[in-house]
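# Chain and residue survey
Single-letter residue listing:
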Amino acid sequence: MCCARYLLNKKCVYRHIFTQIRHFKLRSKVLSINKESINTYNSSCQGENTDNPNWKNYMSFCKSYENTSKHLMIRDMTVYENFLTEDEEKSLHEEVEPYMKRMRYEFDHWDDAIHGYRETERLHWNPKNTTVLQRVRDLAFPPGKPQLSLVHVLDLDEKGLIKPHIDSVRFCGNTIAGLSLLSDSVMRLVHDKKKDQVVDILLKRRSLYIMTNTARYDFTHEILGADTSEFAGVKVPRRRRISIICRCEPEEKQEN
Ligand code: OGA
Ligand code: MN
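Predicted model, so just to flag it, every value in this text is computed and none were measured.

## Section: the confidence of the model for the protein chain
Looking at the protein chain as a whole, its pLDDT mean stands at 86, while 79% of the residues score no less than 70. Across residues 1-8, where pLDDT falls below 50, the model places 11 contacts with residues more than four positions away in sequence or in other chains. The low-confidence segment residues 29-48 (pLDDT under 50) makes 38 contacts with residues lying over four places distant or belonging to another chain.

Shown next as structure tokens:
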């Protein structure tokens, strides 16, 4: 998978290694968490969304979804449409583009959770984008919640997709907040133990999603590829998509 030129370029090799470490850290197909530590979900930051009337705009439950559990998903997975203005989207894109452009999309690792991607983590942002990211953090995390200061930037090729996975509890806490740039997409959540419990989430370009508690721990999430990308029976064309993701620190009580 690595051509000789690529191997000769030390910088590229390091970048590749860091990407693989990041990949390994963040995504585990196998869920290994101490249920006791998270069963008492702290929904304080999302509690106000329990009665969110907008959920039908972005959430499509499969027919077999248990009616009695829907409210938990509605509470724990929220999408804010048009969270970014066009100008803010452009500004974020312009700041990450020069770096992303220098990397190749990774298509070779079929066993990975992601296919057709390049990614990085960024600490420093220009003042305008810092303000936008602070707005994300203020909405997603309750005051005082320890957060990862590095922001994850994931660039998915138009032919790329994210396979079902649950973010590793060793490296990420109970809330994941993601901005979608450049393309609409569909995120599918499937219950890890009851595979017939499926809900599709429409992630419009410039939206923000906040995934927490049951959505974050009990369901795998994936981003559908171009071939299968549809929401409630309507095709959702997939172009190149960049997501910018803020996470909180791992929760204290968990298995090793
Ligand atoms: C991930 C992930 C979702 C997204 O990087 O673990 O699931 O919105 N990303 O890109
Ligand atoms: Mn993930």
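## So, the pattern of salt bridges
Applying the stated criterion to the full structure yields 17 salt bridges. The salt bridge partner of Lys90 is Glu94, with a shortest N-O separation of 3.3 Å. Of the two residues, Lys90 and Glu94 both sit in helix 6 (residues 86-101), 4 residues apart, roughly one turn of that helix. Between Arg188 and Asp200 there is a salt bridge, with its nearest N and O atoms 2.7 Å apart. Of the two residues, Arg188 is situated in strand 7 (residues 185-191) and Asp200 in strand 8 (residues 198-203); the sequence distance between them amounts to 12 residues. Taking relative accessible area as the criterion, Arg188 reaches 26% and is therefore assigned partly exposed. The buried category is assigned to Asp200, whose relative accessible area is 10%. Salt bridges sharing partners connect three or more residues here, namely Glu97, Arg118, Asp155 and Arg240.

## Section: the pairing of strand 6 (residues 175-181)
The buried fraction of strand 6 is high, at 7 of 7 residues. Both faces of strand 6 are covered, namely the face carrying Thr175, Ala177, Leu179 and Leu181 and the face carrying Ile176, Gly178 and Ser180. Sheet analysis places strand 6 next to strand 9 (residues 208-212), joined by 5 bridges and oriented antiparallel. Paired with Thr175 across the bridge in strand 9 is Thr212. Direction of pairing for strand 6 relative to strand 13 (residues 241-247): antiparallel, over a ladder of 6 bridges. Following the sheet pairing, Leu181 is matched in strand 13 by Ile242.

## Regarding the packing of aromatic side chains
Each aromatic ring pair is specified by the distance between its two centres and by the angle formed by the two planes. Across all of its chains, the model carries 3 aromatic pairs by this definition. Each ring, one from Tyr65 and one from Phe219, has its centre 6.4 Å from the other, and the planes form 15°; the classification is stacked. Note that Tyr65 is positioned in the loop between strand 2 (59-61) and helix 5 (70-76) and Phe219 in strand 10 (residues 219-223), a separation of 154 residues in sequence. With relative accessibility at 3%, the residue Phe219 sits in the buried group. Three or more aromatic residues link up through ring pairs in this structure, and these residues are Trp55, Phe61, Tyr65 and Phe219. Across the ring face of Tyr105, the terminal group of Arg118 is positioned such that the distance to the ring centre comes to 4.0 Å. Here the basic side chain of Arg122 rests over the ring of Trp125, its NZ or CZ set 5.4 Å away from the ring centre.

## Focus on the site of ligand 1
Residues in contact with ligand 1, as listed here, are Arg27, His152, Leu154, Ile162, His165, Asp167, Tyr209, His221, Arg241, Ser243, Ile245 and Arg247. Measuring from an oxygen atom of ligand 1, one finds a side-chain N or O atom of His165 at 3.1 Å. At 3.0 Å, a side-chain N or O of Arg241 approaches an oxygen atom of ligand 1. Within the complex, 99% of the 290 Å² of free accessible area of ligand 1 lies under protein. Taken together, the elements giving at least two residues each to the shell around ligand 1 come down to strand 5 (151-167) and strand 13. Per-element tally for the shell around ligand 1: the top contributor is strand 5, with 5 residues. Across the shell around ligand 1, the residue classes break down as 4 nonpolar, 4 polar and 4 charged.

Rules used in this analysis
Residues numbered from 1 in each chain as written. Chains lettered and ligands numbered in written order. Predicted model: local features only at pLDDT ≥ 70, side-chain atom pairs only at ≥ 80, totals over all residues. Heavy atoms only, no water. pLDDT = per-residue confidence, 0-100. Contact = heavy atoms within 4.5 Å. Salt bridge = Lys/Arg side-chain N within 4 Å of Asp/Glu carboxyl O. Helix = DSSP H or I, 4+ residues; strand = E, 2+ residues; numbered from the N terminus. Buried < 20%, exposed > 50% of the residue type's maximum accessible area, 1.4 Å probe, protein only. Pairing = 2+ DSSP bridges. Phe/Tyr/Trp six-rings, centres within 6.5 Å; stacked < 30°, edge-to-face > 60°. Lys NZ or Arg CZ within 6 Å of the ring centre and 35° of its normal. Near = heavy atom within 4 Å. Polar contact = N/O pair within 3.5 Å; in protein donor to acceptor, adjacent residues only side chain to side chain. Areas by Shrake-Rupley, 256 points an atom, 1.4 Å probe, with all protein chains shown as cover. Nonpolar A, V, L, I, M, F, W, Y, C, P; charged D, E, K, R; others polar.

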